[in-house]
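Residue-level listing of the chains:
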Amino acid sequence: SVIFHAQAQTPKQNELQDVRTDTAGQIETTDTGVEDNTANSLRAGPRGYNLLEDTTVRKKIFHFDHERVPERVVHALGHGAYGTFESYGDWSNLTSACWLGAGAESDIFTRFSVVVASNGGSESGRDTHGFATKVYSQCGNHDLVGNHVPSFFINDGADFPDLVHAVKYEADKGFPTGGSAHTTAYDFFTQHTEGTFQLMTVLSDLGIPRDVRHISGNGVHTFRFINGAGQSKLFKWYWKPMLGHRALVYDEATKIAGKNNNFQRIDLYNNIAAGIYPEWEFLVQLFPDDGTYMWNGIDLLDSTIVIPFEMNPPITLGKMTLNKNPTNFFAEPESISFAPSNVVKGISFVPDPLLQWRLMSYDDTANHRHNSPNGYLLPVNRAIAPINNNYRDGYMQPLLFQGASTSSPNDIGGVIGASLNNTINGTLPYTGTPPEVIDGAIGRYPNLRDSFGQARAFWATLDKYAQQHTVDAYRFELGHVSDTDVQQRYINNILNKVDNCLARRVAVGIGATLPPIGSGPNTESNTTTKVPSWYPLTS
Ligand code: HEM
């Protein structure tokens, strides 16, 4: 039977209520609605063979055989909750995105995840953590698909499969050499020096957050706001946790992971169940959209670097509160599909070569995971805004589109297409960039590289305890790399270019050759700041 809640609900919760099925106290049926006993096989006598005619139990076993869908290729381990997003004001000067309009309140779902671990792994491992939010707004779904740190390992999507292959289990062995760190990963990181800063943040205390209530969300890329007048600004977005940040030291993390793989999801679930709702403020840094995609000498198309908050203080646009646990783990956090390509009018993209591939990859993988282009019509994914289009059919199509017309435009009563009379400078309106002139020579260009500058600045502003934890993490990781040439290359070609003392401290801990004193920059003396104040995560 369908549950009907007496209390007032939000639009998305109202929609979900129609599909929430409560079997408690109901007479058992088959999935064709026929009353039957599915717990005892139909047999030829109490000790005889099972009958082929036992279609009831046969269907039960068939269903079970097909229960697993493929896990996410990355970020497989995750959980999440529903909540609300409240816009603090009228941001129509920046964007026509309705969920940032005056007084706008929207339903949301946020899924937290761990990148490398598979389903069933530990949530307390050292990793980049995912922070993905779907805003079910009145003008359509908007997905904010970010991570818990503000930079990334690579800046060209072409390298993403290689990065992921390098950090998951090794292809020949089926496990990473030495545990959580391995030769393929560090071989990759010696080749891709642009990831040096991101790797250091993950090897610092930031890499082992205590739980998801104390992490940030970071959009990483630059995006584009467009207002109703067609004016644009570039922005980077952040979720700032109202509870501040908390991390574990490695010893705590290994003990927690050993005792309870699900520490983070239990923490979130129990807090929400107890009415202690975690909140995050939505912050954006703004930059002029002047066609250069540069700001104060920093490349806005390079996801491996950040724009310090000190240089460009963010403004706060609204607040998210997580206040409702899912009621079906498979149908909600597992089946939700996020995609950076899911944007509403008023928010658009820039030519960041990492982002551009993401705009393709998530829709593609959603088709793969749901085995259908209709995944966006599953209850957890479906927009509360009306869905009217000419997409038809496909596996598991849940909607009964009415009428004969399946084309646009049409004169026989189908959907009303965009008006051809509505051109601005000769182009028709669409949810995208205002007219932009693109001019460039076609080619495969080398990756953008600012390899060591921000890593050095990050290292230099950690206090001595945080530095020691980071040195310990490098020692642990590199110490488990089975190929000593890779170890030495990472020390000489990467760490020694960040900081000579850091490289020597790591080398001495793993029995590698120490780079000579003075052979790299030395920032050791500047270790007084407790939290790097320039870093976007600073609370
Ligand atoms: C998940 C691809 C970079 C954040 C995924 C998934 C794919 C993917 C295929 C699995 C999605 C699913 O099965 O539902 C890529 C590609 C990238 C890239 C091709 C680079 C070109 C990034 C970056 C971020 C990020 C830079 C952070 C800003 C996430 C998050 C999830 C995810 C949070 C989990 C979403 C969820 O909770 O369902 N990514 N990714 N990814 N990715 Fe990426």
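No experiment lies behind these values; they were computed from the predicted model shown.

Engineer: Would you take a moment to explain the environment of Glu-170 for this structure?
Structural biologist: Tracing the backbone through its elements, the reader meets Glu-170 in the loop between helix H3 (160-167) and helix H4 (183-191). Owing to 16 C-beta atoms within 10 Å, Glu-170 belongs among the partly exposed residues under this scheme. Glu-170 sits 15 residues away from Ala-185 along the chain, and the two C-alpha atoms are 9.0 Å apart.

Engineer: It is not clear to me how the site of the ligand should be interpreted in this structure. Could you clarify?
Structural biologist: Around the ligand there are 27 residues in total, and Arg-72, His-75, Arg-111, Gly-130 and Gly-157 lie nearest to it. Elements with a minimum of two residues in the shell around the ligand: strand S2 (105-114), strand S3 (129-137), strand S4 (140-147) and helix H9 (353-370). In terms of residue count, H9 provides more of the shell around the ligand than any other element does, eight residues in total. Grouping the amino acids of the shell around the ligand by side-chain chemistry returns 12 nonpolar, 11 polar and four charged.

Engineer: In this structure, what is going on with helix H12 (residues 484-498)? I would like to understand it.
Structural biologist: Counting along an α-helix, one turn takes 3.6 residues, and residues three or four places apart therefore face a common direction. Here H12 contains 15 residues, and its C-alpha end-to-end distance of 20 Å stays within 8% of the 21 Å for a straight helix at 1.5 Å per residue. Of all the bends in H12, the greatest, near 30°, is centred on Ile-491. Residues Val-486, Gln-487, Tyr-490, Ile-491, Ile-494, Leu-495, Asn-496 and Val-498 constitute the buried set of H12.

Engineer: What should I look at first to understand the nonpolar core in this one?
Structural biologist: Soluble globular proteins tend to pack their nonpolar side chains together in the buried interior. Core analysis: the largest hydrophobic core is formed by 52 residues, its most contacted members being Trp-459, Tyr-490, Leu-495, Leu-502 and Val-506. With six residues, the top contributor of residues to this core is H12. Beyond its immediate sequence surroundings of up to four residues, Leu-495 is in contact with Tyr-490, Leu-502, Ala-503 and Val-506. Counting residues in hydrophobic clusters, the runner-up holds 48 residues, among them Cys-98, Val-145, Phe-235 and Phe-282.

Engineer: Help me understand the packing of helix H5 (residues 196-203) against helix H10 (residues 453-461) in this model?
Structural biologist: The description of two packed helices rests on the angle between their axes and on the distance between the axes. Direction vectors running N to C along H5 and H10 enclose 25°, while the axes themselves pass 7 Å from each other. Judged by the inter-axis angle, H5 sits roughly parallel to H10. Regarding H5 and H10, the two cross each other, and that crossing is left-handed. Of the residues in H10, those in contact with Thr-196, Phe-197, Met-200 and Thr-201 of H5 are Gln-454, Ala-455, Phe-458 and Trp-459. Split by residue class, the contact of H5 with H10 holds five nonpolar, three polar and no charged.

Engineer: How should I be thinking about the pairing of strand S8 (residues 279-288) in this particular structure?
Structural biologist: Regular strands place their side chains on alternate faces of the sheet. Pairing of strand S7 (residues 232-241) with S8, which is carried by nine bridges, proceeds in the antiparallel orientation. From the neighbouring strand, Trp-239 faces S8, where its bridge partner is Phe-282. Bridge analysis of S8 against strand S11 (residues 315-324) gives six bridges, and the strand direction is antiparallel. Across the sheet, Phe-282 pairs through a bridge with Gly-318, a residue of S11.

Engineer: What am I meant to see in the environment of Ala-166 here?
Structural biologist: By the secondary structure assignment, Ala-166 is in helix H3. With 22 C-beta atoms counted inside 10 Å, the residue Ala-166 sits in the buried group. For the pair formed by Ala-166 and Tyr-186, sequence separation is 20 residues and the distance between their alpha carbons is 8.1 Å. The contact partners of Ala-166, leaving out residues within four places of it in the chain, are Thr-184, Ala-185, Asp-187 and Phe-188.

Engineer: In this structure, what is going on with the pairing of S3? I would like to understand it.
Structural biologist: Within S3, nine of the nine residues are buried, which leaves it mostly tucked inside the rest of the structure. A two-sided burial pattern is seen for S3, the buried positions comprising His-129, Phe-131, Thr-133, Val-135 and Ser-137 on one face and Gly-130, Ala-132, Lys-134 and Tyr-136 on the other. Strand direction decides the pairing type here: S3 and S4, joined by eight bridges, are antiparallel. Directly across from Lys-134, in S4, lies its bridge partner Asp-143.

Engineer: How should I be thinking about unusual backbone geometry in this particular structure?
Structural biologist: A cis geometry characterises the amide bond from Ser-408 onward to Pro-409, with omega recorded as -5°. By the secondary structure assignment, Pro-409 is in the loop between H9 and H10. If you check the backbone angles, Tyr-293 has positive phi at about 55° while not being a glycine. Within the secondary structure, Tyr-293 sits in the loop between S8 and strand S9 (294-295). A residue is classified by how many C-beta atoms lie within 10 Å of it, and Tyr-293, with 16 of them, is partly exposed.

Engineer: Just checking my understanding: could you explain helix H7 (residues 263-273) for this structure?
Structural biologist: Within the sequence span of H7, burial applies to Gln-264, Arg-265, Leu-268 and Ile-272. Buried positions in H7, seen along its axis, are confined to an arc of 95° and lie on one side of it. H7 presents Asn-270 and Ala-273 as exposed residues on the side facing more than 90 degrees away from its buried surface. Summarising the contacts, the buried residues of H7 are in contact with strand S1 (77-87), S2 and S11.

Engineer: Help me out: how do you make sense of the packing of helix H11 (residues 464-479) against helix H13 (residues 500-510) in this one?
Structural biologist: Across the interface, H11 lies against H13 with an axial gap of 9 Å and an inter-helix angle of 50°. The orientation of H11 with respect to H13, classified from their angle, is oblique. For the crossing formed where H11 meets H13, the hand is right-handed. Taking contact as the criterion, the partners of Val-471, Tyr-474, Arg-475, Leu-478 and Gly-479 in H11 are, on H13, Leu-502, Arg-505, Val-506, Gly-509 and Ile-510. Of the residues contributing to the contact of H11 with H13, the split by class is six nonpolar, two polar and two charged.

Definitions and cut-offs
- Residues numbered from 1 in each chain as written.
- Predicted model: local features only at pLDDT ≥ 70, side-chain atom pairs only at ≥ 80, totals over all residues.
- Helix = DSSP H or I, 4+ residues; strand = E, 2+ residues; numbered from the N terminus.
- Buried ≥ 20, exposed ≤ 12 C-beta atoms within 10 Å, placed from the backbone.
- Near = placed C-beta within 6 Å.
- Nonpolar A, V, L, I, M, F, W, Y, C, P; charged D, E, K, R; others polar.
- Expected span 1.5 Å × (residues − 1).
- Bend = angle between axes of the 7 residues up to and from the residue.
- Core = buried A, V, L, I, M, F, W, Y, C linked by C-beta atoms within 7 Å.
- Contact = placed C-beta atoms within 7 Å.
- Axes fitted to C-alpha atoms, helices over the stretch in contact; angles between N-to-C directions.
- Parallel < 35°, antiparallel > 145°, perpendicular 65-115°, else oblique.
- Left-handed = near helix turned anticlockwise from the far one by under 90°.
- Pairing = 2+ DSSP bridges.
- Arc of directions from axis to C-beta.

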